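Now for the letters of each chain:
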Amino acid sequence: MRAYKILPCLLLGALPVWAQATGHEAFNKPFPAYKVIGNIYFVGTDDLGSFLITTPDGNILINSDFDDTVPQIRASVEKLGFKFTDIKILLGSHAHGDHMDGDARVKELTGAQVMVMEQDVPAISRMTPGNKPHPIDRVLHDGDEVKLGGTTLVAHLTPGHTKGCTTWTLKAQENGKSYNVVILGSIGVNPGYVLVGNKDYPQIADDYVRGFKVLRSLPCDVFLGSHGRFYGMQEKYAKLQNGGPNPFIDPAGYKAHLDLQEMNFRAKLEEQQKAAK
C-alpha cells in the first residue's frame, strides 16, 4: 500500500493528498469528448469530470480542473464544434486543485463569470497557480440558481469533502423526455482526512452526515460527477458507442455510489472515534 504524507493544507483547498502522492499528470490522460444527454457534454480527461452545458445564450463549464488541463478542455470543446470563448459561466465542484485550479486561466481565455460556494471561498482564494489571484465573480449559497439561455442549474451544498463542496442539479431534455441530472461534487473521505478532533474543520463529520442526507434527497436519473470513476464513465462511454439505451441514465448507480461512500465514511469515523478514546 502506498504511504501517504498527511499535509496540514489538505482541507484548505490544496491538491488532495492522494493526488500529491501520485503526481497530477496521471489525471490529465486524454479522453474523447462526447455528448452525455440533451445539452450536456463531457469535456474532461480520463478521470477528471468536466462538463459543458450549451445554451442559445452561451455555455456553462463545470470544473476547470488543473491549470494545465485547461488546454485539453479547450480542445475537447472545440472538437465538439463549440467555441471555447462562448463559455459565459464557470462553476466548480469543490476547492481542490484537480477541479478548480484552472479557473483563472479559463477566466483569462473566455471572460466567464466564476462562481464559488461561500464555504469554499477561503480555500479557493488560496488557490493561485502562477501567483494569479483566483477570480470570484459571484459567491453562491445553498440552493442558489444559475440561469443561462433557458437552462437552470441548482447549487446544493453537500459538505464534508470540502466545506463548500457543491453538487449541481439540472434537467436535460432528450427524445421528448425530461431527466433529472445530478453532477456530484464528491462525498468521499480521502486518505488522511481527520474526522475526529479536526482543528481546521471541527464539524467535518456532521457535515458529511448532512451531505449524505442532501444527496439522498435529490431525484436522480442521470448520474455524473467530478471524477469519472464515481459513475463508471469509461464503461458507460463504451456502451454509448454501441447504441441502445443511454447508459448514463442510471439512478441505481447513483444510489449504489452513495451507499458505498457512506459505508466507507461510517467505518472510518468509527475507527477514528475508537482511536481517540
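Reading the values: the criteria
Residues numbered from 1 in each chain as written. Predicted model: local features only at pLDDT ≥ 70, side-chain atom pairs only at ≥ 80, totals over all residues. Heavy atoms only, no water. Pairing = 2+ DSSP bridges. Helix = DSSP H or I, 4+ residues; strand = E, 2+ residues; numbered from the N terminus. Axes fitted to C-alpha atoms, helices over the stretch in contact; angles between N-to-C directions. Phe/Tyr/Trp six-rings, centres within 6.5 Å; stacked < 30°, edge-to-face > 60°.

With that out of the way, let us pick up the sheet that holds strand β1 (residues 34–37). Strand order across the open sheet formed by 7 strands is β1-β2-β3-β4-β5-β6-β7, with mixed pairing between neighbours. At either end of the open sheet lies a strand with only one pairing partner, and these are β1 and β7 (138–140). Along the sheet, successive strands turn relative to each other by an average axial angle of 25°, direction set aside. One ladder, built from 3 bridges, connects strand β6 (residues 113–117) with β7; its direction is parallel. The residue bridging V116 from the neighbouring strand is V139, located in β7.

One pass over the structure, following the stated rule, counts 13 aromatic pairs. With centroids separated by 4.9 Å and ring planes inclined at 50°, the aromatic side chains of Y34 and Y237 adopt a geometry described as tilted. Of the two residues, Y34 sits in strand β1 while Y237 sits in helix α7 (residues 233–241), which places them 203 residues apart along the sequence. Ring centres of F212 and F265 lie 5.9 Å apart, and the angle between their planes is 40°; on these two criteria the pair is classed as tilted.

The 5 strands are arranged β8-β9-β10-β11-β12 in an open sheet whose pairing can be described as mixed. Strands with a single pairing partner mark the edges of an open sheet, and in this sheet they are β8 (145–148) and β12 (222–225). The sheet shows a mean angle of 25° between the axes of neighbouring strands, taken without regard to direction.

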